[in-house]
Amino acid sequence: MCGIVGFIGNEEASPILLDGLSRLEYRGYDSAGLAVYGQEQGVQVVKAKGRLKGLSDLTQGGATVHGSLGVGHTRWATHGAPSDINSHPQVSESGRFAVVHNGIIENYVEIREFLQSKGVTFVSQTDTEVVAQLLEYYYRGGLLDAVNKTLNRIRGAYALGIICADHPDMLIAVRQDSPLIIGRGECFHMLASDVTAVIKYTREVSYLDDGEIAILTRDGVEVRDRYRQVVEKAVSHVDWEVSAAEKGGYEHFMAKEIMEQPEAFRKTVFPRIKDGHVLLDELEFTPEYLKDMDKLYIIACGSSYHVGMVAKYNLEKLLRKPVEVTLASEFRYCDPIVSERTLALVISQSGETIDTLAAMREAKRLGARVLAIVNVVGSTIAREADDVLYTWAGPEIAVATTKAYSTQLALTYLIGLHFAEVMGAISPESYARIVSELLLLPTKMESILEQRDSIQYFASLYFNHPSIFFIGRNVDYAVGLEGSLKLKEISYIHSEAYAAGELKHGTISLIEPGTLVVALGSYAPLFEKTMSNVVEVKSRGADVLGLTTGTLYDAMVKTVDHAMAVPETHPMLLPSLDVLPLQLFAYYVALQRGCDIDKPRNLAKSVTVE
Ligand code: F6R
């Protein structure tokens with residue numbers, strides 16, 4: 001979704017804004033723009049539909065736009081089609097105010113009509129333009145006064161960056177339900193949608209809370225809460241390297257992130273296992289609480305939801321407690337049955353997904369305790385949850401998640417083991433076996449990634465198939481959901497994942513000669529059942545690509561067109577291995593089709609609007 005960056009300092013702002021925007025590109029966007037205040041030129045605005053390169057070319061890398069105060073934006077269109085005019089920054093009629101915005105102003109129609117009745121002329125179709133025009137409408141010389149009055153009038157979710165030609169010493173940041181961070185440097189300050197945009201310049205950041213306004217000057221930052229009282233903000237140190245957000249020799253971030261998974265898994269899991277026991281120091285769940293828990297409610301979107309699907313199978317088996325998995329966008333509106341004995345497990349890479357955040361708040365309101373699995377440190381979900389476990393995956397830049405998925409999965413294993421031990425629900429032998437298998441997983445993951453050439457070969461056989469189905473049972477089905485999503489989001493091939501036993505209830509009518517079915521048959525207890533479904537699709541002419549484990553490989557390869565085996569592990573942990581060939585398959589298919597792999601069309605990395 002939209003990316004915001006702002007700079008105030010003593011250097012030229014434009015190149016810094018362009019660089020910051022380039023690091024926010026991964027969020028997904030369709031146009032870009034910047035506004036820079038120069039002493040002689042006033043507020044200069046340059047905008048371009050399309051890729052950031054267009055904006056960079058227009059400004060010769062920022063060299064033609066002078067000034068040391070500015071805001072920049074990558075826009076993911078919501079209100080008004082992608083166009084130069086609808087791109088941000090949006091400016092007020094006089095050109096005095098320039099505003100960049102992430103989110104949605106819900107009452108923009110009413111405000112627009114009100115301002116039009118006062119003679120204000122609008123040029124764009126955006127909701128954001130009302131903010132710039134309202135600032136102008138309320139402006140009597142006091143910038144903060146105009147900002148306060150404007151904020152009192154607008155409703156919705158917004159992160160705003162504001163500059164005003166009359167106040168060249170101030171950069172205003174506002175946050176309400178959309179992420180915004182402040183980067184603190186020596187004689188300069190920045191605002192941005194996330195830390196990747198500022199990390200090259202400073203590692204000291206503060207996270208704004210909802211309702212807060214920050215006034216950034218060259219020498220300092222003053223933050224005021226929703227009652228406009230000055231508040232002290234903690235300063236956090238970001239400890240990952242700039243290179244973590246760069247491609248490091250790979251053609252795509254997605255390829256790099258796929259290959260980083262064994263290491264990300266190690267970082268997330270190994271420090272949390274000591275002497276054969278899972279130690280989650282961050283959590284305090286007593287045996288009484290866990291035994292009394294009436295339900296575990298897993299809430300997430302997209303791939304994080306697919307992690308929840310795997311977790312449901314595993315946690316129910318380990319804990320013998322009901323586990324419900326729900327899409328966050330459905331949870332809020334389904335009158336969920338939640339009590340004070342319910343534990344909500346909220347899963348989010350970004351920690352900012354608006355549906356997940358809203359569902360989490362609803363679960364809390366209904367009395368649930370919230371445990372969050374989050375990757376982005378300091379994100380809103382991480383800060384508002386009762387308990388948080390971080391996936392130490394590092395920054396994930398490709399829109400399609402891979403290493404965040406794998407590390408989220410890893411944490412669900414740890415939670416299951418930890419809870420089962422605290423509750424006394426698992427035998428010491430079973431516990432020890434799973435823990436030892438867990439420690440072997442990264443090496444097994446590496447061995448799969450080493451076979452990527454054979455997966456590239458399969459992709460070269462099937463990249464032109466118009467429709468691809470994924471089938472499996474139990475955890476194989478849950479992984480199939482993720483394989484199918486990966487494929488469709490980056491290759492644009494129609495794909496569906498089905499519980500293998502469900503095919504006969506309708507979907508099998510879509511199978512015809514040449515349809516590709518990816519059959520997941522790693523989960524040994526149900527292998528034969530899945531193979532019966534494979535025979536059914538084969539006899540209707542489907543091409544079948546099988547995925548199974550070493551011991552079952554011979555039994556599978558007889559029936560399918562091609563097969564691949566992953567190493568053996570505990571059945572509960574299989575998804576961590578099975579997902580890798582599926583990610584690679586999606587990647588190579590998309591590569592073969594010439595798709596924009598890291599920035600698939602219409603998609604955004606961090607979905608901050610409902
Ligand atoms: C798919 C993908 C998305 C996200 C979803 C939730 O590859 O990345 O489906 O999983 O948008 O995002 P987070 O985990 O940030 O809440």
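Residues numbered from 1 in each chain as written. Predicted model: local features only at pLDDT ≥ 70, side-chain atom pairs only at ≥ 80, totals over all residues. Heavy atoms only, no water.

**A look at unusual backbone geometry**
Between His88 and the following residue, Pro89, the backbone shows a cis peptide bond with an omega angle of 0 degrees. Here Asp177, not a glycine, exhibits a phi torsion of approximately 65 degrees, which is positive. With respect to the element layout, Asp177 can be found in the loop between strand E8 (171-176) and strand E9 (181-184). In this structure, Asn474 is a non-glycine residue whose phi angle is positive, near 55 degrees. Within the secondary structure layout, Asn474 lies in the loop between strand E23 (467-472) and helix H16 (475-491). In this structure Asn474 comes out as buried when scored by relative accessible area, which is 16%. (Helix = DSSP H or I, 4+ residues; strand = E, 2+ residues; numbered from the N terminus. Buried < 20%, exposed > 50% of the residue type's maximum accessible area, 1.4 Å probe, protein only.)

**Examining the pattern of salt bridges**
Throughout the structure, instances matching the rule amount to 32 salt bridges. With its nearest N and O atoms 3.0 Å apart, the salt bridge here joins Asp145 to Lys149. Of the two residues, Asp145 and Lys149 both sit in helix H5 (residues 143-153), four residues apart, roughly one turn of that helix. Residue Asp145 is classed as partly exposed on the basis of its relative accessible area of 38%. Classification of Lys149 as partly exposed rests on a relative accessible area of 35%. Arg361 is the salt-bridge partner of Asp210, the closest N and O atoms lying 3.1 Å from each other. Residue Asp210 is found in the loop between strand E11 (204-207) and strand E12 (213-216), and its partner Arg361 is found in helix H11 (residues 354-365); the two are separated by 151 residues along the sequence. On the basis of relative accessibility, which here comes to 27%, the residue Arg361 falls in the partly exposed class. (Salt bridge = Lys/Arg side-chain N within 4 Å of Asp/Glu carboxyl O.)

**Section: the pairing of strand E19 (residues 323-327)**
Side-chain positions along a regular strand alternate between the two faces of the sheet. Here strand E18 (residues 295-300) runs beside E19; their pairing, made up of five bridges, is parallel. The residue of E19 that forms the bridge with Ala300 is Leu327. With respect to chirality, the unit in which E18 leads through helix H9 (residues 302-319) into the neighbouring parallel E19 is right-handed. (Pairing = 2+ DSSP bridges. Right-handed = clockwise from strand over helix to strand, strands pointing away.)

**Brief notes about the site of the ligand**
Near the ligand lie 14 residues; those nearest to it are Ser304, Ser348, Gln349, Thr353 and Glu489. Within the backbone of Gln349, an N or O atom sits 2.7 Å from an oxygen atom of the ligand. Note that an oxygen atom of the ligand is positioned 3.4 Å from one of the backbone N or O atoms of Val399. In isolation the ligand exposes 410 Å². Once the protein is present, 89% of that is buried. Here the ligand is seated within the second largest pocket. Looking at the shell around the ligand, the elements that each hand over two or more residues are H9 and H16. (Near = heavy atom within 4 Å. Polar contact = N/O pair within 3.5 Å; in protein donor to acceptor, adjacent residues only side chain to side chain. Areas by Shrake-Rupley, 256 points an atom, 1.4 Å probe, with all protein chains shown as cover. 1 Å grid on protein atoms, 1.4 Å probe; cavity = no way out; pocket = protein on both sides within 12 Å on 5 of 7 lines; lining within 4 Å. Sits in = over half its atoms within 2 Å of the grid points.)

**Things to note about helix H17 (residues 527-538)**
Look at H17: 16 Å from first C-alpha to last across twelve residues, which is about the 16 Å you get at 1.5 Å a residue. Among all positions in H17, only Phe527, Thr530, Met531, Asn533, Val534, Glu536 and Val537 are buried. Each element contacted by the buried residues of H17 is listed here: E23, strand E25 (516-521), strand E26 (543-549) and helix H18 (550-557). (Expected span 1.5 Å × (residues − 1). Contact = heavy atoms within 4.5 Å.)

**Here's the deal with empty space enclosed by the protein**
For the structure shown, the criterion picks out two cavities of 30 Å³ or more. Space inside the largest cavity adds up to approximately 100 Å³. In terms of lining residues, the largest cavity is bounded by Ile455, Phe458, Val518, Leu545, Gly546, Leu547, Met564, Pro581, Leu582 and Phe585. Secondary structure elements with two or more residues in the lining of the largest cavity: helix H15 (452-462), E26 and helix H19 (574-592). Counted by class, the lining of the largest cavity contains nine nonpolar, one polar and no charged residues. Empty space within the second largest cavity amounts to approximately 60 Å³. Of the residues assigned to the lining of the second largest cavity, the class counts are three nonpolar, seven polar and two charged. (Points joined across faces, edges and corners; volume = space filled by probe spheres on them. Nonpolar A, V, L, I, M, F, W, Y, C, P; charged D, E, K, R; others polar.)

These figures come from the coordinates and say nothing about function on their own.
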